[in-house]
Amino acid sequence: LETPDGALLLMNMGVAKRAKGLINGALEEYSEACRVRACTGTLETANGAQLLNCVGAAKCDGGDLQGALDAYREARKIRERTGTLETTDGALLLRNIDLAEKRLLPGMPPVKRDPDAYPI
């Protein structure tokens, strides 16, 4: 499993566990996938950003809104560096950031929540 394909498999196992409501199990799979991506030098890719988006979604489901935002923001940085923010997956990421910020900081306009936020 110490390959980019192994990381993808681990991420998909996390997605399946999250779909069953097994948030801790999903986070364990995502954590291992992040470790593999870091070891293989593929965390700083669009696939790495997708993985971090999954981490954020699971953390959000588990009530860790700050942890979710941290993962989403790291994914955004990667998407900006790789030129993949203005894609369908990038748009989903920006939506997830906005939803998490609204839950964490209700009543704050987007500009106040994230000074880097901008419309697609």
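Scope of this entry: the structure provided in the associated data block.

**Comments concerning the packing of helix α1 (residues 4–19) against helix α2 (residues 23–40)**
Between α1 and α2, the shortest axis-to-axis distance is 8 Å and the interhelical angle comes to 165°. As the angle between them shows, α1 and α2 are arranged roughly antiparallel. Note on packing geometry: the crossing formed by α1 with α2 is left-handed. Along the contact surface, α1 presents Pro-4, Ala-7, Leu-8, Leu-10, Met-11, Met-13, Gly-14, Val-15, Lys-17 and Arg-18, while α2 presents Ile-23, Gly-25, Ala-26, Glu-29, Tyr-30, Glu-32, Ala-33, Val-36, Arg-37 and Thr-40. Looking at the contact of α1 with α2 residue by residue, the classes come out as 12 nonpolar, 3 polar and 5 charged.

**Remarks on the nonpolar core**
Grouped together as the largest cluster of nonpolar side chains are 29 residues, with contacts concentrated most on Tyr-30, Leu-51, Tyr-72 and Ile-97. Here Tyr-30 is in contact with Met-11, Gly-14, Val-15, Arg-18, Leu-51, Cys-54, Val-55 and Ala-58, once residues within four sequence places are set aside.

**Here we look at the pattern of salt bridges**
In total, this model carries 9 salt bridges according to the counting rule given. Among the ionic pairs, Arg-73 bridges to Glu-101, the shortest N-O distance being 3.0 Å. Pair noted here: Arg-73 is in helix α4 (residues 65–82) and Glu-101 is in helix α5 (residues 88–104), with a separation of 28 residues, a long-range link. Take Glu-101: its relative accessible area is 2%, and that puts it in the buried class. Ionic contacts of the salt-bridge type, sharing partners, join the residues Glu-2, Glu-32 and Arg-35 into one network.

**Section: α4**
Helix length check: α4, at 18 residues, gives a terminal C-alpha distance of 25 Å against a target of 26 Å (1.5 Å per residue), a fit within 8%. Within α4 the residues assigned to the buried category are Leu-65, Gly-67, Ala-68, Leu-69, Ala-71, Tyr-72, Ala-75, Arg-76, Ile-78 and Arg-79. Residues of α4 that are buried in the fold lie against α3 (46–61) and α5. Positive backbone phi, at 70°, marks Gly-83, one or two positions downstream of α4.

**Quick look at α1**
When the terminal C-alpha atoms of α1 are compared, their 23 Å separation across 16 residues agrees well with the 22 Å that a helix rising 1.5 Å per residue should span. Gly-21 sits one or two residues past α1 and shows a positive phi near 85°.

**Re the packing of α1 against α3**
Describing two packed helices takes the angle between their axes plus the distance from one axis to the other. Closest axis-to-axis distance for the α1/α3 pair is 11 Å, and the angle between their directions is 25°. Classified by the angle between their axes, α1 and α3 sit roughly parallel to one another. Along this stretch, α1 crosses α3, giving a crossing that reads as left-handed. Every residue of α3 that contacts α1 at Met-11, Val-15 and Arg-18 is listed here: Gln-50, Leu-51, Cys-54, Ala-57, Ala-58 and Asp-61. For the contact of α1 with α3, the per-class residue count stands at 6 nonpolar, 1 polar and 2 charged.

The rules we used
Residues numbered from 1 in each chain as written. Predicted model: local features only at pLDDT ≥ 70, side-chain atom pairs only at ≥ 80, totals over all residues. Heavy atoms only, no water. Axes fitted to C-alpha atoms, helices over the stretch in contact; angles between N-to-C directions. Helix = DSSP H or I, 4+ residues; strand = E, 2+ residues; numbered from the N terminus. Parallel < 35°, antiparallel > 145°, perpendicular 65-115°, else oblique. Left-handed = near helix turned anticlockwise from the far one by under 90°. Contact = heavy atoms within 4.5 Å. Nonpolar A, V, L, I, M, F, W, Y, C, P; charged D, E, K, R; others polar. Core = buried A, V, L, I, M, F, W, Y, C linked by side-chain atoms within 4.5 Å. Buried < 20%, exposed > 50% of the residue type's maximum accessible area, 1.4 Å probe, protein only. Salt bridge = Lys/Arg side-chain N within 4 Å of Asp/Glu carboxyl O. Expected span 1.5 Å × (residues − 1).

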